[in-house]
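Single-letter residue listing:
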Amino acid sequence: MQKIILLVLSTLIYTQIAAQDENLLTVNSIPLELRIKSNAVVRFDNIHIEITDYNKFIYTNTRIVTVFNNEGDYKINAFQYYDQNINIQNLEARIYNSYGKEVKKFKKNDFKDVSAVPGGTLYTDSRVKYLDYTPNTYPYTILYETKVVYNSTAFIPSWRPIEGYYISTENAEYKITNTSEIPIKIKTTNFEDYKIEKINETYFKAKNLQSLVPETFSPDFKTFAPYLKAALTEFDMEGVKGVNNNWEDFGLWMNNSLIKETQQLPRTVKNKIKQLTSSATSDIEKAKIVYKYMQDKTRYISVQVGIGGWKPMLAQDVDRLAYGDCKALTNYTQALLNEVGVASYYTIIYGDDKLIDIDKDFSATQGNHAILCLPDNDDYIWLECTSKTNPFGYTANFTDDRDALIITPEGGKIVHTKVYPTEENIQETNANIFLDEKGMLIGEVKIQSKGAQYGEHEGTQNRIVKEQELYYKDDFWDELNNLEIIKMNFNNNKDSIVFTEDVKVKIPKYASKAGSRLLFQPNVFNKITATPPRYKNRKLPFVIERGYTDIDTYQIKFSNTLQIEAMKEPVSLQNKFGSYILNISITNNIITYKRELILNKGSYSKEDYKEFREFCLSIKKHDNSKIVFNSKT
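Residues numbered from 1 in each chain as written. Predicted model: local features only at pLDDT ≥ 70, side-chain atom pairs only at ≥ 80, totals over all residues. Heavy atoms only, no water.

Engineer: Talk me through the overall build of the protein; I want residue IDs and the actual numbers.
Structural biologist: Each helix and strand counted, the protein has ten helices and 38 strands in total. Over its C-alpha atoms, taken along the principal directions, the protein stretches across nearly 100 × 70 × 40 Å. In the protein, which comprises 633 residues, the proportion classed as buried is 50%. The contacts in the protein between residues at least 6 apart in sequence include a share of 72% that link residues at least 24 apart. (Helix = DSSP H or I, 4+ residues; strand = E, 2+ residues; numbered from the N terminus. Buried < 20%, exposed > 50% of the residue type's maximum accessible area, 1.4 Å probe, protein only. Contact = heavy atoms within 4.5 Å.)

Engineer: Report on the pattern of salt bridges, specifying residues and quantitative values.
Structural biologist: Going through the model one piece at a time under the given rule, you end up with 27 salt bridges. With a shortest N-O distance of 2.6 Å, Arg43 and Glu170 are connected by a salt bridge. Here the residue Arg43 occupies a position in strand β1 (residues 40–53), and Glu170 occupies one in strand β10 (residues 167–178), the gap between them amounting to 127 residues. Exposure class is identical for Arg43 and Glu170. Each is buried. Look at the salt bridges and you will find they share partners, linking Asp45, Arg63 and Glu163 into a network. (Salt bridge = Lys/Arg side-chain N within 4 Å of Asp/Glu carboxyl O.)

Engineer: Can you break down the side chain of Asn589 residue by residue, with the values?
Structural biologist: Here Asn589 lies in the loop between β35 (578–587) and β36 (590–599). A distance of 2.9 Å separates the side chain of Asn589 from the backbone oxygen of Phe558, its partner in a polar contact. (Polar contact = N/O pair within 3.5 Å; in protein donor to acceptor, adjacent residues only side chain to side chain.)

Engineer: Pulling in residues and values, what's your account of the nonpolar core?
Structural biologist: Judged by nonpolar contacts, the single largest core of 65 residues is most densely connected at Ile49, Leu131, Ile142, Trp159, Tyr174 and Met254. Examining the composition of this core, we find that six residues originate from one element, helix α3 (residues 247–259), more than from any other. When near neighbours in sequence (up to four residues on either side) are disregarded, Ile49 contacts Phe57, Ile58, Tyr59, Ile156, Pro157, Tyr174, Lys175, Ile176 and Thr177. In terms of nonpolar packing, the next biggest core, distinct from the first, is built from 45 residues, Ile433, Tyr471, Ile584 and Phe615 among them. (Core = buried A, V, L, I, M, F, W, Y, C linked by side-chain atoms within 4.5 Å.)

Engineer: Requested: an account of the packing of aromatic side chains, with residues and values cited.
Structural biologist: One pass over the full model with this rule turns up 42 aromatic pairs. Ring centres of Trp477 and Phe525 lie 5.1 Å apart, and the angle between their planes is 55 degrees; on these two criteria the pair is classed as tilted. Placement of the pair is Trp477 in the loop between α9 (465–476) and β27 (484–493) and Phe525 in the loop between β30 (517–520) and β31 (542–544), with a sequence separation of 48 residues. Across the pair, Phe525 and Trp477 agree in class, each one buried. Among the aromatic residues, those joined into a ring-pair cluster are Phe217, Tyr535, Phe542, Phe577, Tyr604, Tyr609 and Phe612. When the ring centre of Tyr203 is taken as origin, the NZ or CZ atom of Lys175, which lies over that ring, is 5.0 Å away. Between Lys185 and the ring centre of Phe362, over which it is positioned, the NZ or CZ distance is 5.2 Å. (Phe/Tyr/Trp six-rings, centres within 6.5 Å; stacked < 30°, edge-to-face > 60°. Lys NZ or Arg CZ within 6 Å of the ring centre and 35° of its normal.)

Engineer: For the sheet that holds β30, give the residues involved together with the corresponding values.
Structural biologist: Remark on secondary structure: sheet strands pair via backbone hydrogen bonds, oriented parallel or antiparallel. The strand order β29-β30-β38-β33 describes an open sheet built from four strands, whose pairing is antiparallel. On the outer flanks of this sheet lie β29 (512–514) and β33 (562–566), each paired with one strand and no other. Adjacent strand axes in the sheet meet at a mean angle of 35 degrees when their direction is disregarded. As judged from the three bridges shared by β29 and β30, these two strands associate in the antiparallel manner. Residue pairing in the sheet places Lys513 in a bridge with Leu518 of β30. (Pairing = 2+ DSSP bridges. Axes fitted to C-alpha atoms, helices over the stretch in contact; angles between N-to-C directions.)

Engineer: Describe helix α10 (residues 609–623), naming the residues involved and giving the relevant values.
Structural biologist: Count 3.6 residues to each turn of an α-helix, and residues three or four apart come out pointing the same way. Between its first and last C-alpha atoms α10 spans 21 Å; for 15 residues at 1.5 Å apiece the expected length is 21 Å, and the two agree. Regarding α10, the residues found buried are Tyr609, Phe612, Phe615, Cys616, Ile619, His622 and Asp623. In a view along the axis of α10, the buried residues occupy a sector of 155 degrees, so they form one face of it. Looking at α10, the residues exposed on the side facing more than 90 degrees away from the buried face are Lys610 and Lys621. Residues of α10 that are buried sit in contact with β31, β34 (571–575), β35 and β36. (Expected span 1.5 Å × (residues − 1). Arc of directions from axis to C-beta.)

Engineer: Residue-level account of the sheet that holds strand β8 (residues 127–130), with values.
Structural biologist: Taken in spatial order, the three strands of this open sheet run β3-β8-β6, and their pairing is antiparallel. Single-partner strands in this sheet number two, and they are β3 (79–82) and β6 (112–115). The average undirected angle you get between the axes of adjacent strands in this sheet is 25 degrees. The pairing of β6 with β8 spans four bridges and is classified as antiparallel. By the bridge assignment for β8, Lys112 is matched with Tyr130.

Engineer: Quick rundown of the pairing of strand β5 (residues 102–106)? Include the residues and the values.
Structural biologist: In terms of strand pairing, strand β4 (residues 86–96) meets β5 through four bridges, oriented antiparallel. Residue pairing in the sheet places Arg94 in a bridge with Lys105 of β5. If you look at the hairpin formed by β4 and β5, you'll find five residues sitting between the two strands, and Gly100 has a positive phi there, around 90 degrees.

Engineer: Let's hear about the environment of Tyr472: which residues, and what values?
Structural biologist: Considering the arrangement of structural elements, one finds Tyr472 in helix α9. Each C-alpha atom, one on Tyr472 and one on Ile485, is 8.2 Å from the other, the two residues being 13 residues apart in sequence. The residues contacting Tyr472, other than those within four sequence positions of it, are Thr460, Trp477, Asp478, Leu483, Ile485, Met488, Phe490, Glu501 and Val503.

As structure tokens, then:
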């Protein structure tokens, strides 16, 4: 009986292929324009989602991908997640050589079966089956077919007609058949730019979409590539029914169904946190005490169980175990704040160094992280509860400057997280430097970092000494050859959120000999050494996601046996991308070097890129300018 079923499935696959194109398994039939700058080509990708009830849908996918090189191997997407609510009914793959001859076949049991979440997770109820195939030759083609029954509808699969960089699409279809009588919402972006064909409200086709190539400072892929997302207005998340007409509905469901009954704390903890905050004179002071208490008591461990990984652990369990994931620690902190009368909101967000927004115009299960929001008059304070070291209210570089969903008792609301403006993202470097007649340099350097730049430096103090030295030699000052670290001291002021590094260095032969002259680059510690690449015909706009301000002041004392022969004139550059000011002066045998670089946050057109690159090249040139010394004797 099983053999008969497999035969029928195989026949269906080949029937679909024949109906589309009988040459989809041969490489020479791929249009030339789809091969250009492509590691792989999606020959045929048919996605059909059949929604039968508010709590059930069936996902089928027939997919053919031709892979040209090892960079394209991961683009076959031959994997399937499953758990107790996701049942894989069919999973099969066939491998073909460049002429369309079958060379390998994989059935469901041939796929590797592992936990869906790697190390660092305490436990998880999600698993994944994936194809573990190492090709002997390239190109090759894979035919992949799956059928999966989902007994939860909180996550309707989205569609990317172009699946990423360096992958073209020859034929792709996405279709939803909804017999559940529950309204479905669909949002498409950038479909017109790529001529995606709309058959009806839930059926779309794409043909001959050429690959996209990443460019420096490219915006997020979803902002310019075609993308579709779908969601039911009534859905089920592992047995819990939700309503999703808008963000208010969705947030109300989260509050009442996922969070509300999870915040009970032991009596001893209630008494302790009230005692700790008894002398606090404001809600902010109370919140700081609670935040520090949570940081000192708990640690982060990923726990991917519960309602799709969305329902937090009980606060009393977090207190007992002293660990939790982002949901659990956020919920625990909120429970503590509730006990001392401080209002706060559980918040869903995309945590990433890239600025990724919750889509405010499309309510659905979005986000990958949870943080806590404290209302502060007309503003908000944001708490990252997974960090044991973050200063109170500091969120730069991971959850800053993006739309997030706060969960209130009245429902969900989209708000924007803290923006760290250019003028606050400061790195200020002061140095006292001595240069001898042989070119050896000794420097005492003080670096103070604030705003987003604080987050790029803080943490150095927690490394062992050897790693600290390697950080300066191989990373921060990697262009300084023969750098010797003599001494290091660090001060992390969490109240003012300023990180200070005091480093003493020695660099033998820093200045280079040129006959009787000594060539010295005065910008020792903060040179721009790389510049954006040149594009003959740039395709994409560009984004500077975070602006910053660098202020450098060096006092450079040089040997009495040296005298200056040539020195850089003052420089002042200013445009919409920022500004650069350089001034070098001398008093007796002490040079004062002052430099200020401001790079503005912003979104710019592709036509602006040439001017921006020229600005960067100018900065690099001036940063690498030299002072020429000669000997007095």
